[in-house]
Amino acid sequence: MPNVFENPALHKGKWKEVFGNNNPVTAEIGCGKGAYTLNLARKFPDSNFIGIDIKGPRIWTGAKAAISEKLNNVAFARMQVEFLTEAFAPGEISEIWIPFPDPYPKISKAKRRLISPRFLAQYKQVLAQDGIMHFKSDNDGLYEYGMETLPENKEVEVLAYTNDLYKSPLLNDLTSIKTAYETRFLAEGKTIKYIMFRFLSS
């Protein structure tokens, strides 16, 4: 199958048809070169994975790797996260990963943070009931922002969190997957933060 979709809205509600099976679909938001998307696909061949990013050259790197390895459970969608609900039907995604997003440290740009209420509202619409959200960051400020705002959101339940993943019992085959950024941050001695949460039923 072609694995880069320039107009993902054409496949809204039909992503299982794209993959040719009824397996659950996991999305990586701001996937860059698709490190999480590819590694998840390698580990879980019975699930489907979609990397989402607006920058074409980045996702083409991941797409070429998927083709080279014959990973038929991988796709990439070139789009802005703001249009997530235009590309995916309600409940179409089973899990969402947000690894190392831009922290947007200025308060004036807080609404652009990928764990801000603005984006949470979109994730909730496309995520299946009891679907899981995973967030990772090296940035203290962004982690603190998440730990302040997520518990205050009456639609969110924080399931697990740590400010030092690699010294935490939360480290496992899933959370230990490293992006290029993460490898660099660890080499610089930075700690990796992680939050797992879900949306409560309305």
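What counts, and at which threshold
Residues numbered from 1 in each chain as written. Predicted model: local features only at pLDDT ≥ 70, side-chain atom pairs only at ≥ 80, totals over all residues. Heavy atoms only, no water. Helix = DSSP H or I, 4+ residues; strand = E, 2+ residues; numbered from the N terminus. Rg over C-alpha atoms; globule rule 2.2 N^0.38 Å. Contact = heavy atoms within 4.5 Å. Areas by Shrake-Rupley, 256 points an atom, 1.4 Å probe, with all protein chains shown as cover. Lys, Arg positive; Asp, Glu negative; His and termini not counted. Charge placed at Lys NZ, Arg CZ, Asp CG, Glu CD. Salt bridge = Lys/Arg side-chain N within 4 Å of Asp/Glu carboxyl O. Buried < 20%, exposed > 50% of the residue type's maximum accessible area, 1.4 Å probe, protein only. Core = buried A, V, L, I, M, F, W, Y, C linked by side-chain atoms within 4.5 Å. Pairing = 2+ DSSP bridges. Phe/Tyr/Trp six-rings, centres within 6.5 Å; stacked < 30°, edge-to-face > 60°. Lys NZ or Arg CZ within 6 Å of the ring centre and 35° of its normal.

Quick rundown of the overall build of the chain? Include the residues and the values.
A count of helical and extended segments in the chain gives 7 helices and 8 strands. Relative to a compact globule of 202 residues, whose C-alpha radius of gyration would be 17 Å, the chain shows 16 Å and is just as compact. The dimensions of the chain, computed from C-alpha atoms along their principal axes, are 40 × 40 × 30 Å. Across the chain, every contact between residues at least 6 apart in sequence was considered, and the portion connecting residues at least 24 apart equals 77%. In the structure as shown, the chain presents an accessible area of about 10100 Å², 51% of it carried by carbon and sulfur atoms. A gap of 5 Å separates the mean positions of the 26 positive and 23 negative side-chain charges of the chain.

Please give an account of the pattern of salt bridges that cites residues and values.
Inspection of every chain in the model, using the stated rule, returns 11 salt bridges. In this structure, E6 engages R78 in a salt bridge whose closest nitrogen and oxygen atoms are separated by 3.3 Å. Residue E6 is located in the loop between β1 (4-5) and α1 (15-19), and its partner R78 is located in strand β4 (residues 74-78); the two are separated by 72 residues in the primary sequence. Owing to a relative accessible area of 47%, E6 belongs among the partly exposed residues under this scheme. Residues D140 and K193 are paired through a salt bridge, measuring 2.6 Å at the closest nitrogen-oxygen approach. Residue D140 is found in helix α6 (residues 140-152), and its partner K193 is found in strand β8 (residues 193-199); the two are separated by 53 residues along the sequence. We classify D140 as partly exposed; its relative accessible area is 45%. Since its relative accessible area comes to 3%, K193 is described here as buried. Connected via shared salt-bridge partners are D138, R184, E188 and K190.

Outline the nonpolar core, supporting the account with residue identities and numerical values.
Counting 36 residues, the largest nonpolar core has I29, I50, I52, F88, I96 and Y123 as the members making the most contacts within it. Setting aside anything within four residues of it in sequence, one finds Y123 in contact with I29, V81, L84, I96, I98, L114, M133 and F199. Grouped together as the second largest cluster of nonpolar side chains are 20 residues, Y36, L40, I59 and V74 included.

Account for the pairing of strand β5 (residues 93-99), naming residues and giving values.
Of all the 7 residues making up β5, 5 are buried; the element is thus mostly covered by neighbouring parts of the structure. Here strand β2 (residues 25-29) pairs with β5 via 3 bridges, running parallel. Across the sheet, the residue bridging to E28 is W97, located in β5. Two elements, β5 and strand β6 (residues 127-137), share 6 bridges in a ladder whose sense is parallel. Bridge pairing links I93 to L127 in β6.

Help me get a handle on the packing of aromatic side chains, residues and values and all.
With the rule as written, the count across this model stands at 6 aromatic pairs. An angle of 85° between the planes, with centres 5.3 Å apart, marks the rings of F5 and W15 as edge-to-face. Note that F5 is positioned in strand β1 and W15 in helix α1, a separation of 10 residues in sequence. Its relative accessible area of 8% is what places F5 among the buried residues. Taking 6.1 Å as the distance between ring centres and 15° as the angle between the ring planes, the aromatic pair formed by Y181 and F185 counts as stacked. Of this pair, Y181 and F185 are both found in helix α7 (residues 180-187), 4 residues apart, which corresponds to roughly one turn of the helix. One aromatic cluster is present, built from ring pairs that chain together F5, W15 and F88. R113 extends its terminal NZ or CZ atom over the ring of Y145, reaching a point 4.7 Å from the ring centre.

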